[in-house]
Amino acid sequence: MLQNALQFSHALLKEILTDHDHAVDATMGNGNDTLFLAKAVKPNGKVYAFDIQEQALQKTKQRLIEQELTEQTKLIFDGHEHLENYLTKDETIKAAIFNLGYLPKSDKTVITLPNTTKQALDTLLRHLSYKGRIVIVSYYGHAGGKEELNMIEKYCQNLPQESYNVLQYQFMNQKNQPPILFCIEKK
Ligand SMILES: C[S@@+](CC[C@H](N)C(=O)[O-])C[C@H]1O[C@@H](n2cnc3c(N)ncnc32)[C@H](O)[C@@H]1O
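Residues numbered from 1 in each chain as written. Predicted model: local features only at pLDDT ≥ 70, side-chain atom pairs only at ≥ 80, totals over all residues. Heavy atoms only, no water.

Turning our eyes to something else, we now look at the overall build of the chain. When helices and strands are tallied, the chain shows five helices and seven strands. Secondary structure of the chain in N-to-C order comes out as α-β-α-β-α-β-β-α-β-α-β-β. Relative to the 2.2 N^0.38 estimate, which gives 16 Å for 187 residues, the radius of gyration of the chain is 15 Å and therefore close to what a compact globule would have. Expressed along its principal axes, the backbone C-alpha trace of the chain runs to roughly 40 × 40 × 35 Å. In the chain, which comprises 187 residues, the proportion classed as buried is 51%. In the chain, the proportion of contacts linking residues at least 24 apart, taken out of those at least 6 apart, comes to 74%. When the accessible surface of the chain is totalled, it reaches about 10000 Å², and 49% of it is carbon and sulfur. If you average the places of the 21 positive and of the 22 negative side-chain charges in the chain, the two averages end up 4 Å apart. (Helix = DSSP H or I, 4+ residues; strand = E, 2+ residues; numbered from the N terminus. Rg over C-alpha atoms; globule rule 2.2 N^0.38 Å. Buried < 20%, exposed > 50% of the residue type's maximum accessible area, 1.4 Å probe, protein only. Contact = heavy atoms within 4.5 Å. Areas by Shrake-Rupley, 256 points an atom, 1.4 Å probe, with all protein chains shown as cover. Lys, Arg positive; Asp, Glu negative; His and termini not counted. Charge placed at Lys NZ, Arg CZ, Asp CG, Glu CD.)

This paragraph deals with the side chain of R133. Turning to its location among the elements, R133 is positioned in strand β5 (residues 128-138). Looking at R133, its side chain comes within polar contact range of the side chain of E15, at 2.8 Å. Not counting chain neighbours up to four residues away, the residues in contact with R133 comprise L12, L13, E15, I16, K94, A95, A96, L128, C183, I184 and E185. (Polar contact = N/O pair within 3.5 Å; in protein donor to acceptor, adjacent residues only side chain to side chain.)

The subject of this paragraph is the environment of K59. Assignment of secondary structure puts K59 in helix α3 (residues 54-66). Along the chain, K59 and D19 lie 40 residues apart, while their C-alpha atoms are 25 Å from each other.

Of all seven residues that make up strand β7 (residues 180-186), six are buried, and the element is covered over most of its length. In this sheet, β7 lies alongside β5 in antiparallel orientation, the contact comprising six bridges. Bridge pairing in β7 places V137 opposite L181. (Pairing = 2+ DSSP bridges.)

Below, the discussion takes up the packing of aromatic side chains. This model, assessed by the stated rule, comprises three aromatic pairs. With a centroid separation of 4.1 Å and an interplanar angle of 35 degrees, the aromatic rings of F8 and Y169 are classed as tilted. Remark: Y169 occurs in strand β6 (residues 164-169) and F8 occurs in helix α1 (residues 5-14); sequence separation between them is 161 residues. Given the relative accessible area of 18%, F8 is considered buried. Aromatic ring contacts, followed pair by pair, group F8, Y169 and F171 into a single cluster. (Phe/Tyr/Trp six-rings, centres within 6.5 Å; stacked < 30°, edge-to-face > 60°.)

Have a look at this one:
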């Protein structure tokens, strides 16, 4: 069976992550991706996870404690557009993930935005290691979602093919705007 966007996003990152790697969860939410990354990089690695909602940090912290994954994770109560402030100058990032949109069962007006998402992507590209991957899962059914999707499409299309492979993955016959996945891989 073909993998859905969530399954495929993890498969793409699992393929490249090893212990000691540094990774970024740009949109922590309930922590599903943070937990996945923390397991993949093991205690010797590092995961930076960002969110601008306190409840996301509380929920994720609790789940990390339960699964003994706190050692390798740094939960950051700040926007991913400020990522540069948390990395050292020469630090390399092997994998990053964005789940764009709003936190399910939460305030639907707190959404990721084109400008700040783009700033985070620019920073990640500067720090991405050779063969590193950035996965972006775009949910765009909500107000403002289409604008962000347009930005992502343009951003990805304009990346030079000499330096990056860029993949788009979507189900074309599903109703209700299923998410679209993008993966940027540094050559
Ligand atoms: C679709 S949810 C993420 C779901 C998450 N991956 C999970 O496992 O539950 C998007 C999240 O991005 C957060 N967010 C919105 N703007 C942000 C920003 N500038 N920086 C970091 N997180 C942001 C929202 O608060 C929300 O929790």
